Every structure is written in C-alpha cells, then in structure tokens.
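Fold and geometry: a report
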Amino acid sequence: MKLAKIATMNSEISNAVNVLRAGGVIAYPTEYCFGLGCDPRNEQALEKLLAIKGRKKDQGVILVAANIDQVADYALLDNVPLLQQVKDSWPGPNTWILPTKPAVSSWVKGLHTSIAMRVSAHPVCQQLCLEFDHAIVSTSANRHGQDALLFASDVREQFANDLDYIVDLKVGGADQASTIRDAMSGKQLR
C-alpha cells in the first residue's frame, strides 16, 4: 500500500513539473491549503496566475523553495540580522520577508524591495521544487479575498477551466496559513 502512495505522488509531481516547465499554472497541496503555482521566471505564467486569482501585479507573490540555495536565487541573505532564526524555522510553514536581489522581476516582488519566501516541510512542495530545480510561486488557491481551498475537488470545482494541472494529493493538515515575518525586524505580519 505504501509503495502505491509513493508511485502516485511521484506521478503527480512528474506531471506537475512538466506543466511548470511548459509555462503552465498548477494547483498543489501545501501545509495548510492548496496553492497556485508557476515558474516565477516566466512572466506569461505569472500573468496568467494573477488573472486566475484576480490579484494585482503590484502586490507580489510568495515563493516556496526546497532549500536555502533556492531562496538565495532571489533573496540577498548576507546582511539579514535574523538569518539564523530564518534558517532554524525551515523547513516549515514560516514565510519570511527578505531583501530581494535587484534582478528579481516586478511580477514576483510587486512594488516591494523585498520578497516573501519559505522552505516548505510539505513533501509535495519539497519534491516539486527539487524536481523542478527551482522555487515556485505559492499563493493560496482561491479567488482574491475568498477562503483558501483545502481539497483538490474544491480546486477543480472553482478553477476547472483555468488551471493546467491539479496535483491531486492531500494538504498537510496545518490549522492556519503560514506565518509571515520580516527577517530584518522580526515583526510578525500574519
């Protein structure tokens, strides 16, 4: 039975990674809810994701990564006063606001000089980022301002014609969305 679950997870992740590489938008389980994701380097995919969600470009998006190396592709970590606290909180449902590298697209950071990132402990998020070999966008699967969706069936019902793939696996069971804290000041924002 356990081998069947692993095979199903591997198949779902492989399919999702192929869609990400092709510039598509996916839905996938995170610690708390389903997330909408795409390749953050692909502006057309980001534009599509934001249109699906009904969200403005200037707000920016959260990225989820498999490890600190993927975070370092986007964030300037050298002068972050709370870097050890950031590292100690990962992997886990902890999103940190970090200073962004100048080359990061405004489609990702919005109007900000910082970027929101986390290293997820959810095995699906971990495998997606590892197999994709890059961080991916992680915004809750819902229309802007509505409740986050917790089941693949609900994602399918709300976004059936909008998404390119839905990873049909379970969310992690957390009882709330990730915390969001500023890595420069320690202030909790959510």
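Please refer to the structure higher up on the page.
All of the points below concern the structure found in this document. (Residues numbered from 1 in each chain as written. Predicted model: local features only at pLDDT ≥ 70, side-chain atom pairs only at ≥ 80, totals over all residues. Heavy atoms only, no water.)

Each helix and strand counted, the protein chain has 7 helices and 9 strands in total. In summary, the protein chain has a C-alpha radius of gyration of 15 Å against a globular reference of 16 Å for 190 residues, a match within 12%. Principal axes of the C-alpha set define a box for the protein chain whose edges measure 45 × 35 × 30 Å. Considering only intrachain contacts with a sequence separation of at least 6, the fraction spanning at least 24 residues in the protein chain is 69%. Surface accessibility of the protein chain: about 9,300 Å² in total, with carbon and sulfur atoms responsible for 50%. The protein chain carries 19 positive and 20 negative side-chain charges, and their two centres are separated by 2 Å. (Helix = DSSP H or I, 4+ residues; strand = E, 2+ residues; numbered from the N terminus. Rg over C-alpha atoms; globule rule 2.2 N^0.38 Å. Contact = heavy atoms within 4.5 Å. Areas by Shrake-Rupley, 256 points an atom, 1.4 Å probe, with all protein chains shown as cover. Lys, Arg positive; Asp, Glu negative; His and termini not counted. Charge placed at Lys NZ, Arg CZ, Asp CG, Glu CD.)

With that settled, the discussion passes to the pattern of salt bridges. In this structure the tally under the stated criterion is 5 salt bridges. Between Arg 118 and Glu 31 there is a salt bridge, and its shortest N-O distance comes to 3.7 Å. Residue Arg 118 is located in strand β5 (residues 114-119), and its partner Glu 31 is located in the loop between β1 (26-29) and β2 (34-37); the two are separated by 87 residues in the primary sequence. A relative accessible area of 5% places Arg 118 in the buried class. Lys 48 is paired through a salt bridge with Asp 164; the nearest N and O atoms lie 2.8 Å apart. One end of the pair, Lys 48, is in helix α2 (residues 43-53); the other, Asp 164, is in the loop between α7 (152-159) and β8 (165-166), and 116 residues separate them in sequence. (Salt bridge = Lys/Arg side-chain N within 4 Å of Asp/Glu carboxyl O. Buried < 20%, exposed > 50% of the residue type's maximum accessible area, 1.4 Å probe, protein only.)

Okay, the environment of Leu 36 next. Looking at the element boundaries, Leu 36 is found in strand β2. Leu 36 gets classed as buried once you look at its relative accessible area, which sits at 0%. For the pair Leu 36 and Gly 186, spaced 150 residues apart in sequence, the C-alpha separation works out to 27 Å. Ignoring anything within four residues of it in the chain, the contact list for Leu 36 reads Ile 26, Ala 27, Tyr 28, Leu 49, Ile 52, Lys 53, Val 137, Ser 138, Thr 139, Ser 140, Ala 141 and Leu 163.

Among the nonpolar cores identified, the biggest contains 39 residues, and Leu 63, Val 71, Leu 98, Ile 115, Met 117, Val 155 and Leu 163 are the most heavily contacted of them. Going through the elements one at a time, β2, α2, β3 (62-65), α4 (83-89), β4 (94-99), α5 (106-109), β5 and α7 are the ones with two or more residues in this core. Ignoring anything within four residues of it in the chain, the contact list for Leu 163 reads Val 25, Ile 26, Ala 27, Leu 36, Ile 52 and Val 155. Within the second largest apolar cluster, 18 residues are counted, among which are Ala 16, Val 124, Val 167 and Leu 169. (Core = buried A, V, L, I, M, F, W, Y, C linked by side-chain atoms within 4.5 Å.)

Attention now goes to unusual backbone geometry. In this chain, Trp 90 is followed by Pro 91 through a cis amide linkage whose omega measures -5°. With respect to the element layout, Pro 91 can be found in the loop between α4 and β4.

Now for the side chain of Arg 181. By secondary structure assignment, the location of Arg 181 is in strand β9 (residues 179-182). Nearest to the buried, unbridged Arg 181 among oppositely charged side chains is Asp 182, at 9.8 Å. Excluding residues that lie within four positions of it along the chain, Arg 181 makes contacts with Gln 85, Ser 89, Asn 94, Thr 95, Trp 96, Ile 97, Gly 186, Lys 187, Gln 188 and Leu 189.

One open sheet holds the 5 strands; their spatial order is β6-β3-β5-β4-β9, and the pairing between them is mixed. With one partner strand each, in any of the chains shown, β6 (136-137) and β9 form the two edges of the open sheet. Pairing analysis gives 4 bridges linking β4 to β9, with the strands arranged parallel. Pairing of Ile 97 across the sheet is with Asp 182, part of β9. (Pairing = 2+ DSSP bridges.)

Bringing the environment of Val 155 into the picture now. With respect to the element layout, Val 155 can be found in helix α7. Taking the C-alpha atoms as reference points, Val 155 and Ile 166, separated by 11 residues in sequence, lie 7.8 Å from one another. Contacts of Val 155, omitting those with residues within four sequence positions, involve Ala 27, Phe 34, Ala 141, Leu 149, Ala 160, Leu 163 and Ile 166.

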